[in-house]
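Each chain, letter by letter, is given below.
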Amino acid sequence: MRIVAAIGGNALLQRGEHPDAAVQQHHVHDAARSLAALVTAGHEVVITHGNGPQIGLLALESEADPALTVPYPLDVLGAQTQGMIGTLLARELTGLLPGRAVTALVTHTEVDPHDPAFHRPTKFIGGQLTDDQARLMEIERGWTTARDGARMRRVVPSPRPAAIVELAAVRTLLDAGDVVVAAGGGGVPVTRDPDTGRVRGIEAVVDKDLTAALLAQQLDADALLILTDVTHVFADWGSTHPEPLLTATPERLRALDLPEGSMGPKADAAATFAEQTGRIAAIGPLDDALGTLLGTTGTTVRATDRSGGTDRDGHHSLAASPQ
């Protein structure tokens, strides 16, 4: 089977942890063991990753650097996080998969410059600000800010991904037998000039789960795995008795009141992939990627409960098997 596995940036740097390299290396080591199990089981694997904490840290450093007259733009910072997380994953996976090539690819994601998200920034980035600091940043740098708890924070657009610029390269690497790390942080956000075809970076952060769903669809993947720090999607989240969902339809997922800053985009991405391809998506724990694929943990999402399907190799498809 061909699998796209998306891991969260928060899984590599958890809330409250010091953003030291050693801390992230430790989490990458654990994540790589789980991801390597998919490859060992005989699957083709493309890995995408989040970058929320990492790009936020780089943005803070850039803003505070007295040597800079203007902080680095988000597209450049996003590329930096792809390099950092990509190399950590590639090193770990190479050690766990001797004889197997692992390639980390800096990837650009094309977005529509007229996406409504550019008029309604919602993605929090960077550190907390006082009300006075927020007003100053709005005046001096043209930021948009919004309240996040008791403090203010910068918010940036999060447009939907329209195309993966390096899609052909990912296909070539997969066909050569590589494990591929691509589209980290949702991909470096770019727009394309319709007349010249040239791309340019844009100040935004693309949602990595939606990019993973698009990548999985365009690669004709058999499954999309969204791996996070919870075991399942829960109905009645926040209540005294939340209910873990073992299976769900896209309609069921979308009917849940899921937080926009965490599980909401994951559910949207899983539902979109299942609807548009008829194949499975699954949301499950990062430490058990193979179990999430097999349905022994996590929430499996399928549009229908068909039977008798096959994957690209002619094997019985998990997308068609009742859990």
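Residues numbered from 1 in each chain as written. Predicted model: local features only at pLDDT ≥ 70, side-chain atom pairs only at ≥ 80, totals over all residues. Heavy atoms only, no water.

1. Describing the overall build of the protein
Phase 1: The number of helices and strands found in the protein is 10 helices and 17 strands.
Phase 2: Computed over C-alpha atoms, the radius of gyration of the protein comes to 19 Å, within 12% of the 20 Å expected from 2.2 N^0.38 for 323 residues, which places it in the range of a compact globule.
Phase 3: With respect to the principal axes defined by its C-alpha atoms, the protein has extents near 60 × 50 × 45 Å.
Phase 4: For the protein, with 323 residues in total, the buried portion stands at 49%.
Phase 5: Sequence separation of 24 or more characterises 71% of the internal contacts of the protein that already satisfy a separation of 6 or more.
Phase 6: Carbon and sulfur atoms provide 52% of the accessible area of the protein, an area that totals close to 15,000 Å².
Phase 7: Taking the average location of the 26 positive side-chain charges in the protein and that of its 40 negative ones, the two points are 1 Å from each other. (Helix = DSSP H or I, 4+ residues; strand = E, 2+ residues; numbered from the N terminus. Rg over C-alpha atoms; globule rule 2.2 N^0.38 Å. Buried < 20%, exposed > 50% of the residue type's maximum accessible area, 1.4 Å probe, protein only. Contact = heavy atoms within 4.5 Å. Areas by Shrake-Rupley, 256 points an atom, 1.4 Å probe, with all protein chains shown as cover. Lys, Arg positive; Asp, Glu negative; His and termini not counted. Charge placed at Lys NZ, Arg CZ, Asp CG, Glu CD.)

2. Some points on helix α3 (residues 52-64)
Phase 1: The end-to-end C-alpha distance of α3 is 19 Å, a good match for the 18 Å that 13 residues give at a rise of 1.5 Å each.
Phase 2: Three or more residues of α3 are buried, namely Gln 54, Ile 55, Gly 56, Leu 58, Ala 59 and Ser 62. (Expected span 1.5 Å × (residues − 1).)

3. Focus on the sheet that holds strand β10 (residues 188-192)
Phase 1: Across the sheet, four strands lie side by side as β8-β4-β10-β11; this open sheet has mixed pairing. The strands lining the two open edges of the sheet, one partner per strand, are β8 (161-164) and β11 (199-201). Ignoring strand direction, the axes of neighbouring strands in this sheet form an average angle of 45 degrees.
Phase 2: Bridge analysis of strand β4 (residues 108-111) against β8 gives three bridges, and the strand direction is antiparallel. What sits directly across from Thr 109, in β8, is Ile 164. (Pairing = 2+ DSSP bridges. Axes fitted to C-alpha atoms, helices over the stretch in contact; angles between N-to-C directions.)

4. A word on the pattern of salt bridges
Phase 1: Going through the model one piece at a time under the given rule, you end up with 14 salt bridges.
Phase 2: We note a salt bridge from Arg 192 to Glu 110, for which the minimum N-O separation is 3.1 Å. Here Glu 110 lies in strand β4 and Arg 192 lies in strand β10, a separation of 82 residues in the sequence.
Phase 3: For Arg 192, a relative accessible area of 36% puts it in the partly exposed group.
Phase 4: When salt bridges with common partners are traced through the structure, they connect Arg 160, Arg 254, Asp 268 and Glu 275 into a single cluster. (Salt bridge = Lys/Arg side-chain N within 4 Å of Asp/Glu carboxyl O.)

5. Thoughts on the side chain of Glu 110
Phase 1: Among the polar contacts made by the side chain of Glu 110, one reaches the side chain of Arg 192 at a distance of 3.1 Å.
Phase 2: For Glu 110, the contacting residues outside a window of four places in its chain are Pro 161, Ala 162, Ala 163, Val 165, Val 190 and Arg 192. (Polar contact = N/O pair within 3.5 Å; in protein donor to acceptor, adjacent residues only side chain to side chain.)

6. Focus: the confidence of the model for the protein
Phase 1: On average, residues of the protein score 89 in pLDDT, and 93% of them reach the 70 mark or higher.
Phase 2: Confidence drops under a pLDDT of 50 for residues 306-317, and excluding neighbours within four residues, the segment shows 24 contacts in the predicted structure. (pLDDT = per-residue confidence, 0-100.)

7. As for the nonpolar core
Phase 1: Val 4, Val 46, Leu 219, Leu 224, Val 233 and Leu 253 are the most contacted members of the largest nonpolar core, which has 37 residues in total.
Phase 2: Looking at this core, the elements that each hand over two or more residues are β1 (2-7), α6 (167-175), α7 (208-218), β12 (223-228), β13 (233-235), α9 (263-277) and β16 (280-285).
Phase 3: By size, the runner-up hydrophobic cluster in this structure holds 31 residues, among which are Ile 47, Ile 85, Leu 97 and Leu 293. (Core = buried A, V, L, I, M, F, W, Y, C linked by side-chain atoms within 4.5 Å.)

8. Quick notes on the sheet that holds β1
Phase 1: If you trace the eight strands from one edge of the open sheet to the other, you get β3-β9-β2-β1-β12-β16-β17-β15, paired in mixed fashion. In this open sheet, the two strands that pair with only one neighbour each are β3 (102-104) and β15 (247-248).
Phase 2: Sheet topology places β16 next to strand β17 (residues 299-301); three bridges connect them, and they run antiparallel. Across the sheet, the residue bridging to Ala 281 is Val 301, located in β17.
Phase 3: Against the sheet, helix α2 (residues 21-40) engages β1, β2 (44-49), β9 (179-181) and β12, with an angle of about 175 degrees to β1.
Phase 4: Lying over the sheet, helix α4 (residues 74-96) contacts β1, β2, β3 and β9, oriented at roughly 145 degrees with respect to β2.

9. Let's talk about empty space enclosed by the protein
Phase 1: In this structure the tally under the stated criterion is one cavity of 30 Å³ or more.
Phase 2: Considered as a void within the structure, the largest cavity measures approximately 60 Å³ in volume.
Phase 3: Around the largest cavity, the lining is made up of 13 residues, and of these Asn 51, Gly 78, Gly 185, Gly 187 and Pro 189 lie nearest the centre.
Phase 4: When contributions to the lining of the largest cavity are tallied by element, the ones reaching two or more residues are α4 and β10.
Phase 5: In terms of residue count, α4 provides more of the lining of the largest cavity than any other element does, three residues in total. (1 Å grid on protein atoms, 1.4 Å probe; cavity = no way out; pocket = protein on both sides within 12 Å on 5 of 7 lines; lining within 4 Å. Points joined across faces, edges and corners; volume = space filled by probe spheres on them.)

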